[in-house]
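# Summary of the model geometry
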Amino acid sequence: MIHLHPRGQVTLLEIDNPPVNATSQAVRQGLLDAIERLDADPAVGAIVIAGAGRTFTAGGDITEFGKPPLLPHLPDVITRIEACAKPVVVAWHGTALGGGCEIGLAATKRIIAPDGSVGLPEVKLGLMPGAGGTQRLPRLIGPVAALDLIASGRMVSAKEALALGLVDAMAAGHLRDEAIALAESLIGQPLERLSARPVPPADPVAWDAMVAKVKKDAKGRIAPLAAIQLVETARAEPFASGQPKERATFFDLMASPQSKALRHMFMAEREVARVPELAGIAPREIGHIGVIGAGTMGSGIAVAFLDAGFSVTLMEASEAALQAGLDRVNGLYLRSVKSGRIDETIRLERLSRLTPTTEIKALAETGLVIEAVFEDMAVKLDLLGRLGAALPAETIIATNTSYLDLEVMADALPHPERFIGLHFFSPAHVMKLLEIVRARRTSKEVLATGLAIGRRLRKIAVIAGVCDGFIGNRLLARYRAQCEFMLEEGALPQEIDAALEAFGFAMGPFAVQDLAGLDIAWARRKRLAATRDPAARDVPLVDRLCEAGRFGQKAGKGWYLYVDGKRQVDPEIDALVRSHAAGTGRAQRSFTTAEIQSRVLTTMVNEGAHILAEGIAARPLDIDLVLVNGYGFPNWRGGPMHYADETGLPRLLAEAEAIAARDGQAYAVAPLLRELAASGRTFASLNTPDR
């Protein structure tokens, strides 16, 4: 775990705990023992702490979180590093996160590799740094910059770290050699300990502005607010009294439901990639992708692949449509250049890997072709028939459909085992979620390839089975329906939206419909009209709005009015909803925020239980990842299935039964929900592969 390499008067102390040098109990003990040994050795004049492998340390061992802390505690190790009678230089490379950053804050000096990055990301797990980070960082870079880093959890590049004063130097050549030279220069010099420094004064206007920003961005999360309190403590109190307050806050947050939920999401992102049935199945090596359809979705998909290093052939039906698509792709890159995310050289390099075409035969050299054409089965079946005739039998063919039946689409292809769904979310180059839809005949090799591509795209790839809407849109349809049912019972759109935004959603369902365009929902309603059960409860308000030209934000009106881009409640909609509700003959009542939230969330959980029982999703964590990363469910709630466990399944079952009693055929209580509630088990118990 810890290796010592003498370099003259300097000893290099190397942390070696693959894969990311987590500060586990063994690493902490090794660090403590090594520092004490080197501090006592008269032959050692200075110490350099570095990390083996690809990173310095990515922080704590998350498997220890939530368990009784094991000695030695990281704050004690870091205190011992800072108290060393000999100069200590930390050499950061790769990432220095959490405890890795805090180790550096205890050192005499810090040096970083040009491609290194550093940060305190604990807030993303609902926590605060617990080893002195909130008390030392303000003393090093000032309270405003420190609050920004602690409350956001963002990583900073080597260049920014140098500008902030977070590091003393950025290596120009070999990091370890320069760190050793820096350590040698400190031998015999007075040692200044960061914990003894006063916090530099902050400009009151800048401080107040940063506090306001943190409060605004918190959106229901408690950890960023704790960051404000702890940095205030650093400003007002000596380190000796501030650090115990930091440590107490760390443990309070560790026990909070929010941190538990965020840690669940963190682990779920790692667990979702483990698919036991694909063990030993090698994915295909694919470097060239074909994308058919250069509209908003297709162009975004093309950019996602170009960003990940693939070559892309982009196909459209006409030269005019193709040029419009190329303009979209270039426009996305120009915005990235303008914002500073990439430079002009990167833009040109990525565009150099893009080949436009109107000829289907140009796709013959690609390893994977993704169709992103109009969401109409007849259009897609015609295209798939032509692809089957034009492409080699081994070419993987994928659809980006959001709802349509993959089994019907696979029937249009020779070799249907090479067919798969790759459902991107808009904007495709930004959204992290990718639903990988497995048809009945999809081969394991093709499925493994889909997952490998998702990883290369840096997406959270979740496998889904075939049904109307797969995982995410199926759930969306169910809980949107309940929202519309509440409109018939006395609620107004803005009341439902406000209740769900209070729960933590960035936008409520009616505001989201306006943003996406109501004509999309209208088109789907018309497509499904012929197969809709006439006895099923249906709310035709979207039809009424679209017939009146109220298509959402793009039309300046939908469920809301939009004046200068700002959403406003529209009295005409209130009157329309009230009139429709009165015409149903249903009893009218007022809804509390809690009632709205409970009804929507119970519907999500109940439908999630159906999805699990049908095998559409393999694990509850898959559903949580889809809803958080694709549909705005607040990550600090942990997704609907985690939320259900925390709320209590018997309570949710009672609510589900009450909804079913009101809605009849529109709502069937999931037998799995009944089973778990009766047995005292949780959805989390189903997350293991052998459930």
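A brief report on the enclosed structure follows. (Residues numbered from 1 in each chain as written. Predicted model: local features only at pLDDT ≥ 70, side-chain atom pairs only at ≥ 80, totals over all residues. Heavy atoms only, no water.)

### A short note on the sheet that holds strand E9 (residues 169-170)
On the basis of which strands lie adjacent, the open sheet formed by six strands has the order E1-E2-E3-E4-E6-E9 and mixed pairing. Edge positions in the sheet fall to strand E1 (2-7) and E9, since each of these pairs with one other strand and no more. Bridge count between strand E6 (residues 109-112) and E9: two bridges; the pairing is parallel. The partner of Ile112 across the bridge, within E9, is Met170. (Pairing = 2+ DSSP bridges. Helix = DSSP H or I, 4+ residues; strand = E, 2+ residues; numbered from the N terminus.)

### So, the pattern of salt bridges
A complete count under the given rule lists 43 salt bridges for this structure. For Arg80, the salt bridge is made with Glu36, and the minimal N-O distance between the two is 4.0 Å. Of the two residues, Arg80 sits in helix H2 (residues 74-82) while Glu36 sits in helix H1 (residues 25-40), which places them 44 residues apart along the sequence. On the basis of relative accessibility, which here comes to 21%, the residue Arg80 falls in the partly exposed class. A salt bridge links Glu271 to Arg274, with the nearest nitrogen and oxygen atoms 2.9 Å apart. The partly exposed category is assigned to Arg274, whose relative accessible area is 48%. (Salt bridge = Lys/Arg side-chain N within 4 Å of Asp/Glu carboxyl O. Buried < 20%, exposed > 50% of the residue type's maximum accessible area, 1.4 Å probe, protein only.)

### What about the state of the cysteines?
By the definition in use, this model includes zero disulfides. Summary of cysteine pairing: Cys84 is not part of a disulfide, and the nearest cysteine sulfur, belonging to Cys101, is at 19 Å. Take Cys84: its relative accessible area is 2%, and that puts it in the buried class. The closest cysteine sulfur to the non-disulfide-bonded Cys483 is located on Cys546, 17 Å from its own sulfur. Assessed through its relative accessible area of 1%, Cys483 is described here as buried. (Disulfide = S-S within 2.5 Å.)

### Brief notes about the environment of Glu495
With respect to the helices and strands, the residue Glu495 is situated in helix H19 (residues 493-503). Through-space distance from the C-alpha of Glu495 to that of Ile596 is 8.6 Å; in sequence the pair is 101 residues apart. Among residues more than four places away in sequence, those in contact with Glu495 are Gly490 and Ile596. (Contact = heavy atoms within 4.5 Å.)

### Considerations on the sheet that holds strand E15 (residues 419-424)
In space, the eight strands of this open sheet follow the order E12-E11-E10-E13-E14-E15-E16-E17, with mixed pairing throughout. What marks the edges here is a single partner per strand, and that holds for strand E12 (354-357) and strand E17 (460-464). Each neighbouring strand pair of the sheet contributes to a mean axis angle of 25°, computed without reference to strand direction. Pairing of strand E13 (residues 368-371) with strand E14 (residues 396-399) involves four bridges; the strand directions are parallel. Considered in E14, the bridge of Glu371 is made with Thr399. (Axes fitted to C-alpha atoms, helices over the stretch in contact; angles between N-to-C directions.)

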